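Chain residues, written in single-letter form:
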Amino acid sequence: MRPVLFLTLLLSSACAAGGALAQQGSNWIDPPAKSGAAPAGGERAKPAAKAAPRFEVEPEARTRSRRAAAPSPAPVRRDMQRQDRTRAAEMRRARRAAIHERAREERYGHTARIHRPTPLPAPPPAPSLARSEPDPRFSDWAVAARRLSLGYLDSVSAPNGVMLSAAPRFYGSTVRFHGRVMTTNALLAEKQRFAQRWPERRYEPHGEPRIACDGASATCLVRIVHDFTAASPARGARSQGVAELTLTVSFAGGAPVIVSEASRVLSRAGA
């Protein structure tokens, strides 16, 4: 477009310069031709040349200002990208916050389940104010059980023959001896082996026996803490210390008899 405009301007300038030079050659200026007058010399007047179309050239400064005023696509695209990144970052932060909140709620619920207070057990019913009267037989049973137990302990300290001959009157027909149920004859054989192993024995009680009686089973439990000394001159052996004898005395048949016997050493001399 610019070469065409430039060429048109050159042609217009040349035509104007040629007319000026033609009028400078004489001292007068041609008047304008009258419309309707016949041309001289019989020559037909030539039609006037049409003026070339004029194109206005937009000043370059105005073009630059319009270009500067028009927004550039690159900054606009960068702004849109920045806004997209900002929105994406906000969405990620919102998702992370939601995940953290859900995890916190789950931890709180788990902790609440772990630390949930254990319900306290119901208090036991208040004991009845009415006290049951003790079985009137207990006092007699306790006296009889004490006498039988101390007599048995004293018989163990007697010589072998006396101990073995007195043993049947202390026991019932069957006895639980140190956890084993046996007949009186089997128990006497056990006592005989013990007497041969320790021919010299001495058992002395410490204070009074502890006795507890039970009416349902018609028995009394007797506990006696005693010193013991056992020796065997033939073997050169000696055992000494403190032990506890536990006897169950039954009154089911009327007369008191030992139905259970057990003992344990509490301490040994020199240990």
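Residues numbered from 1 in each chain as written. Predicted model: local features only at pLDDT ≥ 70, side-chain atom pairs only at ≥ 80, totals over all residues. Heavy atoms only, no water.

### Some remarks on the overall build of the protein
Going by this rule: Each helix is a run of DSSP H or I of at least 4 residues and each strand a run of E of at least 2, with the numbering of both proceeding from the N terminus. Relative accessibility decides the category of a residue: with a 1.4 Å probe and only protein chains considered, values under 20% of the type maximum give buried, values over 50% give exposed, and everything between is partly exposed. The accessible surface values rely on the Shrake-Rupley method and a 1.4 Å probe; as for residues, cover is taken only from the protein chains in view.
A count of helices and strands for the protein gives 6 helices and 7 strands. Listing every helix and strand of the protein by position from the N terminus yields α-α-α-α-α-β-β-α-β-β-β-β-β. When the 271 residues of the protein are sorted by exposure, 21% land in the buried category. Entry remark: accessible area of the protein is about 21000 Å², with carbon and sulfur atoms responsible for 58%.

### A few points about the side chain of Thr 219
Let me state the cut-off plainly: Residue contacts are counted whenever heavy atoms from the two residues lie within 4.5 Å of one another.
Position of Thr 219 among the secondary structure elements: in strand S5 (residues 219-232). Thr 219 has contacts with Trp 141, Ala 212, Cys 213, Asp 214, Thr 248, Val 249 and Ser 250, leaving out every residue within four places of it along the chain.

### Overview of the nonpolar core
Within soluble globular proteins, side chains that are nonpolar generally end up buried alongside one another. What counts here: Think of a nonpolar core as a cluster: buried Ala, Val, Leu, Ile, Met, Phe, Trp, Tyr and Cys residues, connected wherever their side-chain atoms sit within 4.5 Å.
Counting residues in hydrophobic clusters, the biggest one holds 28 residues, and the most contacted among them are Tyr 152, Phe 170, Tyr 171, Phe 251 and Ile 258. Among the secondary structure elements, those contributing two or more residues to this core are helix H4 (137-156), helix H5 (160-166), strand S1 (171-177), helix H6 (184-197), S5 and strand S6 (237-250). Tallying contributions element by element places H4 first for this core, with 7 residues. Discounting chain neighbours no more than four positions away, the residues touching Phe 251 are Trp 141, Ala 144, Ala 145, Ala 218, Cys 220 and Pro 256.

### A word on the packing of aromatic side chains
For clarity, the threshold we go by: Pairing of aromatic side chains requires ring centres within 6.5 Å, counting the rings of Phe and Tyr and the six-membered ring of Trp. Pairs whose planes differ by under 30 degrees are stacked, by over 60 edge-to-face, and all others tilted. Each ring is checked for a lysine NZ or an arginine CZ that lies within 6 Å of its centre and within 35 degrees of its normal; such an atom marks a charge sitting over the ring.
All told, the structure shown has 5 aromatic pairs when counted by the stated rule. Seen from their ring centres, Tyr 152 and Phe 170 are 5.7 Å apart, and the 70° between their planes marks the pair as edge-to-face. Here Tyr 152, found in helix H4, pairs with Phe 170, found in the loop between H5 and S1; they are 18 residues apart in sequence, far enough to count as distant. The burial state of Tyr 152 is the same as that of Phe 170; both residues are buried. Taking the ring centre of Trp 198 as reference, the NZ or CZ of Arg 235 above it sits at 4.7 Å.

### Quick notes on the state of the cysteines
Using the following cut-off: In this description, a disulfide is simply a cysteine sulfur pair whose atoms lie within 2.5 Å.
Enumeration according to the criterion identifies 1 disulfide in this entry. The disulfide partner of Cys 213 is Cys 220, and the gap between their sulfur atoms is 2.0 Å. Here the S-S torsion is close to 100°, and the disulfide linking Cys 213 with Cys 220 is therefore right-handed. A relative accessible area of 1% places Cys 220 in the buried class.

### Quick word on the environment of Leu 187
Inspection of the secondary structure assignment puts Leu 187 in helix H6. Once the C-alpha coordinates of Leu 187 and Arg 176 are considered, the two residues, 11 residues apart in sequence, prove to be 9.3 Å apart.

### Re H6
Rules: One less than the residue count of a helix, multiplied by 1.5 Å, gives the span that helix is expected to have.
The end-to-end C-alpha distance of H6, which contains 14 residues, comes to 20 Å, matching closely the 20 Å that a straight helix rising 1.5 Å per residue would cover. Buried residues in H6 make contact with H4, H5, S1, strand S2 (180-183), strand S3 (200-205) and strand S7 (257-268).

### Brief notes about the pattern of salt bridges
In plain terms, the rule: Every case where a carboxyl oxygen of Asp or Glu lies within 4 Å of a side-chain nitrogen of Lys or Arg is listed as a salt bridge.
Following the criterion strictly, the structure yields 11 salt bridges and no others. Close ionic contact of Glu 208 with Arg 146 constitutes a salt bridge, the shortest N to O distance being 2.7 Å. Of this pair, Glu 208 sits in the loop between S3 and strand S4 (210-214) while Arg 146 sits in helix H4, and the two are 62 residues apart along the sequence. Glu 208 sits in the exposed class, given a relative accessible area of 55%. Residue class for Arg 146 comes out partly exposed when judged on its relative accessible area of 32%.

### Quick word on the confidence of the model for the protein
Rules: Each residue carries a pLDDT score, the predictor's own confidence in it, on a scale running from 0 to 100.
When the pLDDT values of the protein are averaged, the result is 77; 63% of them are 70 or greater. The element-level mean pLDDT for the protein is lowest in helix H1 (residues 2-24), coming to 52, with S5 highest at 96. Across residues 15-30 the pLDDT falls below 50, and counting only partners more than four positions away or on other chains, this stretch makes 2 contacts in the model. A low-confidence stretch, residues 35-43 stays under pLDDT 50, and its non-local contacts, those more than four residues away or across chains, total 2 contacts.

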